[in-house]
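Each chain is listed here by its residues.
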Amino acid sequence: MKNKQTKLLHQSNRYLSLSILLIVSIWSVIFYFSMLDEIYDSIDDGLDNYKLLILQKAEIDSTVLHKNDFDESNYAIIEITKTRALATHDIHKDTLLYMQFEDDLEPVRLLTTAFQLRGHYYQLKVISSMVEEDDLIADLFWSIVFLYIALVSSIIWINNIVLKKLWQPFYKILTQLKHFRLDRARPLTPIPTQTTEFNELKDTADALVQHTLETYHHQKQFTENASHELQTPLAIVTTKLELLLERGDLKEENADHIAQVLQIIERLTRLNKSLLLLAKIENKQFYAHETVDFHTIALQCIQDLEDIANFKEVQINLSISEELTVEIDATLANILLTNLIKNALFHNHPGGKVELQLSNNSLRISNTGSEKALNTDKIFNRFHKESDAHSNTGLGLALVKAICQLYHYPVSYHYIGHQHIFEVKFKK
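Residues numbered from 1 in each chain as written. Predicted model: local features only at pLDDT ≥ 70, side-chain atom pairs only at ≥ 80, totals over all residues. Heavy atoms only, no water.

1. Some words on the sheet that holds strand β6 (residues 315-320)
Our working rule: Whether two strands pair depends on DSSP finding at least two bridges between them. Only DSSP runs of H or I covering at least 4 residues are called helices, and only runs of E covering at least 2 are called strands; the numbering of each starts at the N terminus. Fitted lines through C-alpha atoms give the axes, limited to the stretch in contact for helices. The angle between two N-to-C directions lies from 0 to 180 degrees.
The strand order across the open sheet formed by five strands is β6-β8-β9-β11-β10, and the pairing between neighbours is mixed. Edge strands, defined here as strands with exactly one partner in the open sheet, are β6 and β10 (411-416). Along the sheet, successive strands turn relative to each other by an average axial angle of 15°, direction set aside. Pairing analysis gives six bridges linking strand β9 (residues 362-367) to strand β11 (residues 419-425), with the strands arranged antiparallel. Bridging from a neighbouring strand, N367 pairs with H420 of β11.

As structure tokens, this is what we get:
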């Protein structure tokens, strides 16, 4: 199963968004507790200062000492024993106090302390309203959300405008590599950039393309030379052996041996042609695009193979549900269809059938034959044979596979209802 792919820009946005979310979340927690600590320090300083003011006022105004609740002010004083007073230290803590305006208990900061005045001991409680933590958390949460959205929006904007422009040389190099073809080889055009990594990438791509072109030309030259150097001696040997057979002074035994040698040479010639053809296909020496009508090619192939079909006593039927036109090299299209039909004929039995079906986007060939499925793992391998026939080079289906791979057309084999089925799917 092919992995789902995403563009570099989208991956960058996703990773940055997740990273910022993590950083902002950690920062917001630290900021919250730091801010809460600062608020407590500020309120406690205010309570301590207010305590001093109350004590100073109590020294000059004794009525202050009779304020023992929080009804009209934010402090309360009650008289206590000396023992209790000496045991009391300044204590700051959070508590709840009923607020008439809110008609509810609200959080306050409470300072509890004790003091002595004119031989009497008193307990002083001072309160100060504070920010409700739930309101503080809510305000902080929405502030963080808006900050996160602003940061992510800014990053996406920067990526799509600034970084996209920065990555432009990379995309130009990628486009050139995508459109590079060996059969229409041209050096990659220069791409001006001051980015070191992109210049290194361009130099590496140029070196790779140059090496590929040199290898391709060497292989092409080798294929052409091999075709000439091998075919010529084989043709000469065949001609001389045929001349020997035409002479009437050969013994029957010698004539049989020469005939066997001719069959071997003929097989060797076909094998040589098939291997050279495979090399040319893999080197993309046939990589042409023409609009080919498979109906016309099918009729021609059936006509060319009619003698073989009659000899094998096999019937070939052609059915066309829709017109099939494909962008492919015409020579390779003919080889593809011929090899598939030949395979269906050679692995058939007398009285058998070959069904050739053409549809809008597929070519399907089914035939009778052996009563078991072929080995799907090896059937398209070179030199793999399902029979021991000497006429079989074992390269027919390998050529079919190579042609389909060249144009990225999937080819498949199935054994259904005593029928061997080969199907090629063409992409429109």
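The discussion continues.
2. Here's the deal with the packing of aromatic side chains
Our working definition: The rule is short: rings of Phe, Tyr and Trp, with Trp giving its six-membered ring, pair when the centres are within 6.5 Å, and they are stacked under 30 degrees, edge-to-face over 60, tilted in between. Two conditions define a charge sitting above a ring: the NZ of Lys or the CZ of Arg must be within 6 Å of the ring centre, and it must be within 35 degrees of the ring normal.
Inspection of the entire model under this criterion finds eleven aromatic pairs. Taking 5.4 Å as the distance between ring centres and 25° as the angle between the ring planes, the aromatic pair formed by F115 and Y122 counts as stacked. Counting every residue linked through ring pairs, the aromatic cluster contains W167, F170, Y171 and F198. Above the plane of the ring of Y40 lies R109, whose end atom (NZ or CZ) is 4.5 Å from the centre.

3. Quick word on unusual backbone geometry
As a reminder of what qualifies: Summary of the burial criterion: residues with accessible area below 20% of their type's maximum are buried, those above 50% are exposed, and those between are partly exposed, where the area comes from a 1.4 Å probe applied to protein chains only.
The backbone of R118 shows a phi angle near 55°, a positive value even though the residue is not glycine. For R118, the location among the structural elements is in the loop between β3 (104-117) and β4 (120-129). The class for R118 is exposed, based on a relative accessible area of 53%. The phi dihedral of E313 is positive, around 60°, even though this residue is not glycine.

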